[in-house]
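Read off the chains here:
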Amino acid sequence: MRPNDFDCIVVGGGHAGVEAAHAAARIGARTCLITLGKDTIAKMSCNPAIGGLGKGQIAREVDALGGLMGLAIDATGIQFRLLNRSKGPAVRAPRAQADKYLYQRFMCEQLERTENLTIVEAMATEILVDGSQVCGVRCSDDETYSGQTVIVTAGTFLRGLMHTGVEQSPGGRLGEPAANELSASLESLGLKLERLKTGTPVRLNAATCDLDELEIHHGDDDPAPFSFMTDRLDRPQIPCWITYTNERIHQLIRDNLDRAPLYTGQIQSTGPRYCPSIETKIERFAEKGRHQVFLEPEDEACTTIYCNGISTSLPRDIQEQMLRLMPGTENARIVHYAYAIEYDYSSPVQLRSSLETRRIGGLFLAGQVNGTSGYEEAAGQGLIAGINATRLLRGQEPLVLGRDQAYIGVMIDDLLTRGIDEPYRMFTSRAEHRLALRSDNADRRLTEIGHSMGVVDRDRYDRFCGKMSQVESLRQYLQTTRRSGESLWEVLRKPNNELAEDLTVEPEVQSAGYGREVLEAVTIDAKYEGYLAKQRRTVQLQRKLDGKKIPSGLDYAAVEHLRVEAREKLSAFRPATLGHASRISGITPADITVIQVHLKKYHNSRAARD
């Protein structure tokens, strides 16, 4: 076997690529990660943070499935907070600022220690195919690497074009080249590429900022870890600071919109609606006299500051003037100017549920190349692509997480059934089963699955089994122990009671020494038992549709009584199951009934022939 022969090749060392390469290699595939340089692996090119609403749930899911993200942020985080702590557990989510340099180093070291994984520093330029099957990757140095599966995780590098005022420069991110040839290669394979836009704010020299008079923003006193393998966090907590824009800044921006690429027509692509640039905020929310800006340290030594809230593509001189007018940054020195970036992405409706492309066998896409945004969304896709590339090699059915199983499942299903018209970001509101998809129970939902896939190792699985044994033991105790004619379980379900606030008020529970995670799990299970039971009944009905497969080559034009719009949508999306079809925008219950009747006739006619 040649040194350049692999089972799986991963292109791109960002957050999707890291998880894809680690998962494939952990399962046992001979894996090659092609990245521009080891020093850019898992680079936090935008906000140096992990988690948030919806995103924190995904990060916990990646961890529960055996991924690296949770371990990495626990080892390198500098401020941890549980968001929505005062609200219900369904919408609580962990978030942490990272020392972005330590984060990169941690990820690189983890990959270097992973068996079956080879890291190649090169620029991938061409996806090689044999007919309609992928067979390898060619790099800019003309070196070729053969592989039965290839996972492309190119981030913003595909024909990336950066904008700062009228200045335009090709690049995947600051200081790194664009992957123009790789875009051309994907198009030559028949994949349809479109354009999106995102942006990033200035970075400041922290020593030149005047932070003393600003509002300080601390992390939690008793921070909760991301990883289910981390017992407690003992890293130093670094604060953030809050400042605000003002009318003088707003007027400065209005006066210079004729120099803003977003408004001159220089940028044609769609950007993220949920995370607008400062110039878009000024126009969209004209009634607001100020906008909040978080000044977030990018490392433990607090050498640089990330200005969260003023992403822009305005010219450099305007960026400098904005800072002169904002409290705390009047004398700040800019380390990196803000910029917007346009890049290619592949419409996700061209994918199977496994993240394999429908057109080219063995070719998978994961991360921003599918139109998503964010490190967490990328990591979730990368992990699933890594698992499924390996399962394809072994002739096994792919792992497809349902909408009732994981936020990762919600995300992938959204991409495949709804497509996108702007960068996709996960929110808790996207998950109809969010009461069951909490950040606290990601391990109970997914660790067993990760173990069956071969990603979760023995140490993690043993730890999980130990926790589940304690959860069951505590549940049994509460259900069988009675006080004043009712079980402690029934007491726990009542609102505003002492037991629900703290289970350890029960002496036997306190003496058993259950950990925080076990107490939390049982309390939430009891409190939401009725709601969860109702949700499970809804899930069972949907699973019946998800279990009914549609032949991949079904000719929708031949389906009698199917509406023209439905034929067009279904032919474009090529749903794998009736459940998948039912979630496509514009497909009605009547359309699903028509397809069911057609499939019954189809199967009956095949049975008669056989």
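Our subject is the structure that appears above.
Residues numbered from 1 in each chain as written. Predicted model: local features only at pLDDT ≥ 70, side-chain atom pairs only at ≥ 80, totals over all residues. Heavy atoms only, no water.

Visitor: An account of the packing of helix α10 (residues 375-393) against helix α11 (residues 407-418) is requested, with residue identities and associated values reported.
Guide: Two numbers describe how α10 lies on α11: the axes approach to 10 Å, and their chain directions differ by 90°. Classified by the angle their axes make, α10 and α11 are roughly perpendicular. Residue-level contacts link E377, G380, Q381 and I384 of α10 to I408, M411, I412 and L415 of α11. Classifying every residue of the contact of α10 with α11 gives five nonpolar, two polar and one charged. (Axes fitted to C-alpha atoms, helices over the stretch in contact; angles between N-to-C directions. Helix = DSSP H or I, 4+ residues; strand = E, 2+ residues; numbered from the N terminus. Parallel < 35°, antiparallel > 145°, perpendicular 65-115°, else oblique. Contact = heavy atoms within 4.5 Å. Nonpolar A, V, L, I, M, F, W, Y, C, P; charged D, E, K, R; others polar.)

Visitor: With reference to specific residues and values, describe the packing of helix α13 (residues 458-480) against helix α17 (residues 516-527).
Guide: Remark: α13 packs on α17, axes separated minimally by 9 Å, with the N-to-C direction vectors making an angle of 50°. In this view, α13 runs oblique relative to α17, as classed from their interaxial angle. Crossing of α13 against α17: the hand is right-handed. The segment α13 lies against α17, with K467, Q470, V471, L474, R475 and L478 engaging E517, V518, L519, A521, V522 and D525. (Left-handed = near helix turned anticlockwise from the far one by under 90°.)

Visitor: Tell me about unusual backbone geometry, residues and numbers included.
Guide: A positive phi is found at A42, a non-glycine position, where the angle reads about 55°. Among the structural elements, A42 can be located in the loop between β2 (31-35) and β3 (49-51). On the accessibility criterion, A42 (0% relative accessible area) is buried. Of note, S484 is a non-glycine position whose phi angle comes to about 55°, a positive value. Within the secondary structure, S484 is located in the loop between β21 (482-483) and β22 (486-487). (Buried < 20%, exposed > 50% of the residue type's maximum accessible area, 1.4 Å probe, protein only.)

Visitor: Tell me what's going on with the sheet that holds strand β19 (residues 339-346), and back it up with residues and numbers.
Guide: Spatially, the four strands line up as an open sheet ordered β11-β10-β19-β12, and their pairing is antiparallel. Each edge of the open sheet carries a strand with a single partner, namely β11 (167-170) and β12 (193-200). On average, each strand axis in the sheet is tilted by 25° relative to the strand beside it, whichever way the strands run. As paired elements, β12 and β19 share eight bridges and run antiparallel to each other. Looking at β19, one finds that L193 is bridged to S346. (Pairing = 2+ DSSP bridges.)

Visitor: Outline the environment of I341, listing residues and values.
Guide: For I341, the location among the structural elements is in strand β19. We classify I341 as buried; its relative accessible area is 4%. Non-local contacts of I341, meaning those with residues more than four positions away in its chain, are made with T156, G160, L161, M162, G171, G172, R173, L196, K197 and T198.

Visitor: I'd like a description of the pairing of β11, backed by residues and values.
Guide: Note: strand β10 (residues 161-164) against β11, four bridges, orientation antiparallel. Note that in β11 the partner of T164 across the bridge is E167.

Visitor: Residues and numbers for the pattern of salt bridges, please.
Guide: Scanning the model with the defined rule gives 49 salt bridges in all. Note that E376 is salt-bridged to K55, the shortest N-O span being 3.2 Å. Of this pair, E376 sits in helix α10 while K55 sits in helix α2 (residues 55-64); the two residues are 321 residues apart in sequence, bridging distant segments of the chain. Like K55, E376 is buried. As a salt-bridge pair, R273 and E422 come within 2.3 Å of each other at their nearest N and O atoms. Of the two residues, R273 sits in the loop between α7 (261-264) and α8 (278-284) while E422 sits in the loop between α11 and α12 (442-453), which places them 149 residues apart along the sequence. The class for E422 is buried, based on a relative accessible area of 12%. A single salt-bridge network, built from bridges that share partners, covers R403, D413, D414, R418, E432, D546 and R583. (Salt bridge = Lys/Arg side-chain N within 4 Å of Asp/Glu carboxyl O.)

Visitor: Can you break down the sheet that holds strand β5 (residues 93-98) residue by residue, with the values?
Guide: Strand order in the open sheet formed by three strands is β3-β5-β4, and the pairing between neighbours is antiparallel. Both edges of this open sheet fall to β3 and β4 (77-83), since each of them pairs with a single strand only. The sheet shows a mean angle of 15° between the axes of neighbouring strands, direction not considered. Pairing of β3 with β5 involves three bridges; the strand directions are antiparallel. The residue of β5 that forms the bridge with G51 is R95. Helix α3 (residues 69-76) rests against β3, β4 and β5 of the sheet, and its axis sits at about 115° to β4.

Visitor: I'd like a rundown of the side chain of S373, residues and numbers included.
Guide: As for its placement among the helices and strands, S373 is situated in the loop between β20 (363-365) and α10. Taking relative accessible area as the criterion, S373 reaches 10% and is therefore assigned buried. A polar side-chain atom of S373 sits 2.5 Å from a polar atom in the side chain of Y274. Residue contacts for S373: discarding those within four places in its chain leaves K55, Y274, Q368, P423, Y424 and R425. (Polar contact = N/O pair within 3.5 Å; in protein donor to acceptor, adjacent residues only side chain to side chain.)

Visitor: Would you mind going over the environment of P3 in detail, with residue names and values included?
Guide: In this fold, P3 is placed in the segment before β1 (5-11). It is 54 Å that separates the C-alpha atoms of P3 and N331, two residues lying 328 residues apart in sequence.

Visitor: Got a sec to walk through helix α5 (residues 180-188)? Specific residues and values, please.
Guide: Within α5, the full set of buried residues consists of L182, S183, S185 and L186. Looking straight down α5, one finds that the buried residues subtend no more than 160° of arc, so they occupy a single side. Exposed positions of α5 whose direction lies more than 90 degrees from the buried face are E181 and S188. In the core, the buried residues of α5 are packed alongside β1, β7 (124-130), β9 (144-152), β12, β19 and β20. Where α5 terminates, the next one or two residues include G190, which has phi positive at roughly 100°. (Arc of directions from axis to C-beta.)

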